[in-house]
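Here is how the chains run, residue by residue.
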Amino acid sequence: MISSQQADLKSESTAMPSWLRRPIGKASEISTVQRIIKQRQIHTICEEGRCPNRGECYAQKTATFLLMGPTCTRSCAFCQVDKGHAPMPLDLEEPQKVAQAVQLLGLRYVVLTSVARDDLPDQGAGHFVETIATIRQLNPETQIEVLTPDFWGGAGVGESGQRLRIAMIVKAKPACFNHNIETVQRLTGPVRRGAKYDRSLSVLAMVKEIDSTIPTKSGLMLGHGETLDEVIEAMADLRTVGCDRLTIGQYMRPTLEHLPVQKYWTPEEFDQLGRLAWEMGFNHVRSGPLVRSSYHAGEEGVGIGE
């Protein structure tokens, strides 16, 4: 018998606009990736976050690996990733396992992201660096983007410790340094528990201060009750800290324990925001209902209505 919560979620899913429904992609491509990552006991945000674009990205030889286990030390109210209990110890073999998976899958562009690991002395920055280096040893032609947490907290707490951690990764020369602000300033508290809007902007600013040649990127997830003016203000704030690339997509509620969707933005509204972002000076824009942080990450230019 279906519980009332399951029934409510099914009803909410049924009410989802038609433009948010799409085929998942070729089962063979998805199962190949799943088999390889399962064999190595590693994780991808594509699977952990149930990304609607994973089949398409796998077909384009792109994937996003989730480092340092599947359990986050923070409890953002929108996120599908597991949280609420102690994370696992670091797997010291994970960099090698990820590098081997990249080689076996023939990936041309890799995004490395992670759960927040406030329990670790360096918040996991060193693990990012080691994984980048190991991937390059086996896959010298593969480009590597990072999508990081804010590295705030733990030993060396505060801005100086944060800068040291960011500098470690910048020195490794990723193809792009991504850190998502996720939502507008007014909604950061309820949506991103444990994060701060200005702190996230400072991550992107620090990257440019340390090495201005590395492209920076951020993402917005619409549907939490933000206004058009607030979204435009957030985009302007990103440009103020020199952010080069932007993704804009629709928030979709994973379970009834997560925040409800306040609004489904239309494809036309995403088109409008994408054009505006391009006019504001972002040189890589992806704006559409199903766009996620790593969508077409390895491509240049603007993608509107995706």
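Residues numbered from 1 in each chain as written. Predicted model: local features only at pLDDT ≥ 70, side-chain atom pairs only at ≥ 80, totals over all residues. Heavy atoms only, no water.

Thoughts on the packing of aromatic side chains
And then number 1: Counting across every chain of the model gives one aromatic pair.
And then number 2: Ring plane angle 80° and centroid distance 6.1 Å describe the contact between F128 and F151, whose orientation is recorded as edge-to-face. Here the residue F128 occupies a position in helix α6 (residues 125-138), and F151 occupies one in the loop between β6 (143-147) and α7 (159-171), the gap between them amounting to 23 residues. Here the two residues F128 and F151 agree in accessibility, since each one is buried.
And then number 3: The aromatic ring of F282 is capped on one face by R239, whose charged end is 5.5 Å from the ring centroid.
And then number 4: Of note, K263 hangs over the ring of W265, and the distance from its end group to the ring centre comes to 3.9 Å. (Phe/Tyr/Trp six-rings, centres within 6.5 Å; stacked < 30°, edge-to-face > 60°. Helix = DSSP H or I, 4+ residues; strand = E, 2+ residues; numbered from the N terminus. Buried < 20%, exposed > 50% of the residue type's maximum accessible area, 1.4 Å probe, protein only. Lys NZ or Arg CZ within 6 Å of the ring centre and 35° of its normal.)

Some remarks on the pairing of strand β2 (residues 62-67)
And then number 1: For β2, the buried fraction is high: six of the six residues fall into the buried class.
And then number 2: The alternating pattern of β2 places T62, T64 and L66 on one face and A63, F65 and L67 on the opposite face, and all of these are buried.
And then number 3: The pairing of strand β1 (residues 43-44) with β2 spans two bridges and is classified as antiparallel. The residue bridging H43 from the neighbouring strand is L66, located in β2.
And then number 4: The pairing of β2 with strand β5 (residues 109-114) spans six bridges and is parallel. Paired with L67 across the strands is S114, a residue of β5. (Pairing = 2+ DSSP bridges.)

So, the side chain of N178
And then number 1: Within the secondary structure, N178 sits in strand β7 (residues 176-178).
And then number 2: Contacts of N178, omitting those with residues within four sequence positions, involve E145, V146, L147, T148, K217, S218 and S293. (Contact = heavy atoms within 4.5 Å.)

Section: unusual backbone geometry
Excluding glycine, a negative phi dihedral is what most residues carry, and trans is how most peptide bonds are arranged.
And then number 1: Located in the positive-phi region is Q123, a residue other than glycine, with phi close to 60°.
And then number 2: If you trace the backbone, Q123 turns up in the loop between β5 and α6.
And then number 3: Positive phi values are uncommon outside glycine, yet E182 reaches one of about 70°.
And then number 4: On the secondary structure map, E182 appears in the loop between β7 and α8 (188-191).

Quick notes on the packing of helix α5 (residues 94-105) against α6
Axes are the key here: two packed helices are described by the angle between their axes and the distance separating the axes.
And then number 1: Where α5 meets α6, the axes come as close as 8 Å, and the angle between the chain directions of the two elements is 40°. Regarding the angle of α5 to α6, the classification is oblique. Crossing of α5 over α6 shows right-handed handedness. Judged by residue contacts, E94, P95, Q96, V98, A99, Q100, V102 and Q103 of α5 engage H127, E130, T131, T134, I135 and L138 from α6.
And then number 2: By residue class, the composition of the contact of α5 with α6 is six nonpolar, six polar and two charged. (Axes fitted to C-alpha atoms, helices over the stretch in contact; angles between N-to-C directions. Parallel < 35°, antiparallel > 145°, perpendicular 65-115°, else oblique. Left-handed = near helix turned anticlockwise from the far one by under 90°. Nonpolar A, V, L, I, M, F, W, Y, C, P; charged D, E, K, R; others polar.)

A look at α7
And then number 1: The end-to-end C-alpha distance of α7, which contains 13 residues, comes to 18 Å, matching closely the 18 Å that a straight helix rising 1.5 Å per residue would cover.
And then number 2: When we look at burial in α7, the residues that qualify are G161, Q162, R165, I166, I169 and V170.
And then number 3: As for α7, its buried residues are in contact with α6, β6, β7 and α9 (197-210).
And then number 4: Two residues or fewer after α7 comes K173, characterised by a positive phi angle close to 55°. (Expected span 1.5 Å × (residues − 1).)

Description of the UniProt feature "binding site: [4Fe-4S] cluster 2" (unreviewed entry) in the protein
And then number 1: In the numbering used here, UniProt assigns the "binding site: [4Fe-4S] cluster 2" (unreviewed entry) feature to C72, C76 and C79.
And then number 2: Secondary-structure assignment places C72 in strand β3 (residues 71-72). (UniProt positions renumbered as here; feature names shortened; annotations may be inferred.)

Here's the deal with the nonpolar core
And then number 1: Judged by nonpolar contacts, the single largest core of 33 residues is most densely connected at F65, V98, L112, F128, I135, I166 and F177.
And then number 2: With five residues, the single largest contributor to this core is α5.
And then number 3: Residue contacts for I135: discarding those within four places in its chain leaves V98, A99, V102, V110, L112 and I144.
And then number 4: The next biggest cluster of nonpolar side chains, apart from the first, holds 27 residues, and it includes L222, V241, V261 and A277. (Core = buried A, V, L, I, M, F, W, Y, C linked by side-chain atoms within 4.5 Å.)

Considering the pattern of salt bridges
And then number 1: Within this structure, the stated rule accounts for nine salt bridges.
And then number 2: Linking E145 and K217 is a salt bridge whose minimum nitrogen-to-oxygen distance equals 3.1 Å. Remark: K217 occurs in strand β8 (residues 216-222) and E145 occurs in strand β6; sequence separation between them is 72 residues.
And then number 3: For the salt bridge of K208 with D244, the shortest nitrogen-to-oxygen distance reads 2.7 Å. Linking K208 in helix α9 with D244 in the loop between α10 (228-240) and β9 (245-250), this pair joins segments that are 36 residues apart in sequence.
And then number 4: Under the relative-accessibility criterion, K208 is labelled buried at 18%.
And then number 5: The class of D244 is buried, set by a relative accessible area of 14%. (Salt bridge = Lys/Arg side-chain N within 4 Å of Asp/Glu carboxyl O.)

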